[in-house]
Amino acid sequence: MSFDVVAANYDQEFTQHPIGLWLRQRIQARLAQLFSAGDVVLEIGCGTGEDAIWLAQRGIKVVATDASPMMLEITQRKVSSLGLDDFVTCRLLDLNQLPLWKESLRFNGVFSNFGPINCTERYSDLADFLMRHLQSGAKLGFGVMSPFCLWESVWHSLHLDFKTAFRRLKKQQLVTFADGTQFLVYYPSVKRLMNAFMPHFKKLGVMGLGVWVPPSDIFGVLERHPRLLRLSYWLERQTAAYWPFRTWADHYWLEMAYV
Ligand SMILES: C[S@@+](CC[C@H](N)C(=O)[O-])C[C@H]1O[C@@H](n2cnc3c(N)ncnc32)[C@H](O)[C@@H]1O
């Protein structure tokens, strides 16, 4: 699986980066609102398990899934070393092969952070799958790469790299990792996702993530300017929940309820 090749360095390059940590805390604050101790939740595209472990440490059971065996292996290693095996179960789940999932457990909620949902365009299949595996009233939280990222468009336009500046406008994008493996990325709008999820799921709210804070490939731009970085954190806290900033971001965070 293509993400296997980035798994080993993922924590070093993103998770442990100070800006990555700050962004993740914004989402963990939302997860704390959505789920409570005793809940059993499904995570889609868990990567190296940071959010699953954070929830487990708060008494929430997580079935942490990913399409990358390497990502799951790293998650499992962390979970076992922290003694959290009773709280986090790792399972293979590919969003493009949902019928292969044979477990019958019904969850109190589901979440997916930092873009796994962008690796499929089968949104209706996902909605149907979740209807079969969620309890009524379950909460959903999806961190999805947005179709328009203000930072990315402005920064790359200033550098006359219009291809990167407006790459998200394409229906789908073929991404190539350093070792040559490739995968397709899609940038669905909130409207497009909600069209696939309604009427069984109700939209609760949307927040931008990475409106004033740059995307990970250009973290370095603000990292070198601590005062500007502090200003961008402040602006992000003030504006990310409001139109148009809630979707002019690297990711948007979409919350729904299964009704
Ligand atoms: C950017 S990482 C995010 C990881 C993690 N959620 C986090 O917060 O750090 C995207 C994750 O999506 C997973 N992924 C990619 N395609 C997938 C698919 N078709 N089904 C499920 N997971 C997928 C990758 O293996 C990777 O772990």
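Computed from a predicted model, the values in this text were never measured in an experiment. (Residues numbered from 1 in each chain as written. Predicted model: local features only at pLDDT ≥ 70, side-chain atom pairs only at ≥ 80, totals over all residues. Heavy atoms only, no water.)

Draft legend 1. Structural detail: the packing of helix α5 (residues 123–133) against helix α8 (residues 190–197). α8 packs onto α5 with a crossing angle of 50° between their chain directions and a minimal axis gap of 8 Å. In this view, α5 runs oblique relative to α8, as classed from their interaxial angle. Between α5 and α8 lies a crossing whose hand is right-handed. Along its contact with α5, which presents Tyr 123, Ser 124, Leu 126, Ala 127 and Leu 130, the element α8 presents Arg 192, Leu 193, Ala 196 and Phe 197. Split by residue class, the contact of α5 with α8 holds seven nonpolar, one polar and one charged. (Axes fitted to C-alpha atoms, helices over the stretch in contact; angles between N-to-C directions. Helix = DSSP H or I, 4+ residues; strand = E, 2+ residues; numbered from the N terminus. Parallel < 35°, antiparallel > 145°, perpendicular 65-115°, else oblique. Left-handed = near helix turned anticlockwise from the far one by under 90°. Contact = heavy atoms within 4.5 Å. Nonpolar A, V, L, I, M, F, W, Y, C, P; charged D, E, K, R; others polar.)

Draft legend 2. Inspection of the nonpolar core at higher detail. Formed by 40 residues in total, the largest nonpolar core has its most connected members in Leu 23, Leu 31, Phe 35, Leu 55, Val 62 and Phe 111. Of all the elements in the fold, those that place two or more residues in this core are α2 (18–34), α3 (50–56), β2 (61–66), α4 (69–81), β3 (88–92), β8 (201–209), α9 (219–223) and α10 (226–239). The element that contributes the greatest number of residues to this core is α2, accounting for six residues. Listed in part, the 32 residues of the second largest apolar core include Val 110, Phe 142, Val 190 and Phe 197. (Core = buried A, V, L, I, M, F, W, Y, C linked by side-chain atoms within 4.5 Å. Buried < 20%, exposed > 50% of the residue type's maximum accessible area, 1.4 Å probe, protein only.)

Draft legend 3. Region of interest: the side chain of His 251. Summarising the element assignment, His 251 is placed in strand β9 (residues 251–258). His 251 gets classed as buried once you look at its relative accessible area, which sits at 8%. Discounting chain neighbours no more than four positions away, the residues touching His 251 are Phe 114, Gly 115, Gly 143, Val 144, Met 145, Ser 146, Met 207, Gly 208 and Leu 209.

Draft legend 4. Representation of the pairing of strand β5 (residues 134–145). Sheet topology places strand β4 (residues 107–112) next to β5; five bridges connect them, and they run parallel. Opposite Phe 107, over in β5, you have Leu 134 as the bridge partner. Sheet analysis places β5 next to β9, joined by seven bridges and oriented antiparallel. Within β9, the residue paired with Leu 140 across the bridge is Met 256. (Pairing = 2+ DSSP bridges.)

Draft legend 5. Spatial organisation of the pattern of salt bridges. Under the criterion given, the structure shown has ten salt bridges. Of the charged contacts, one joins Asp 11 and Lys 78 as a salt bridge, the two residues approaching to 2.7 Å between their closest N and O atoms. With a gap of 67 residues between them, Asp 11 in helix α1 (residues 4–15) and Lys 78 in helix α4 connect regions that are remote in the sequence. Take Asp 11 and Lys 78: they sit in the same class, and that class is buried. (Salt bridge = Lys/Arg side-chain N within 4 Å of Asp/Glu carboxyl O.)

Draft legend 6. Molecular detail of unusual backbone geometry. The omega torsion across Met 198 and Pro 199 is 5°, close enough to zero to call that bond cis. Considering the arrangement of structural elements, one finds Pro 199 in the loop between α8 and β8. Backbone torsion omega between Trp 243 and Pro 244 reads 0°, so that peptide bond is classified as cis. Within the element layout of this structure, Pro 244 appears in the loop between α10 and β9.

Draft legend 7. The site of the ligand, seen in detail. Taken together, 21 residues form the shell around the ligand, and within it Tyr 10, Arg 24, Gly 45, Asp 66 and Asn 113 come nearest. Take Arg 24: an N or O atom from its side chain is 2.8 Å from an oxygen atom of the ligand. Take Ala 67: an N or O atom from its main chain is 3.5 Å from a nitrogen atom of the ligand. Taken by itself the ligand offers 600 Å² of open surface, and the protein chains cover 94% of this. (Near = heavy atom within 4 Å. Polar contact = N/O pair within 3.5 Å; in protein donor to acceptor, adjacent residues only side chain to side chain. Areas by Shrake-Rupley, 256 points an atom, 1.4 Å probe, with all protein chains shown as cover.)

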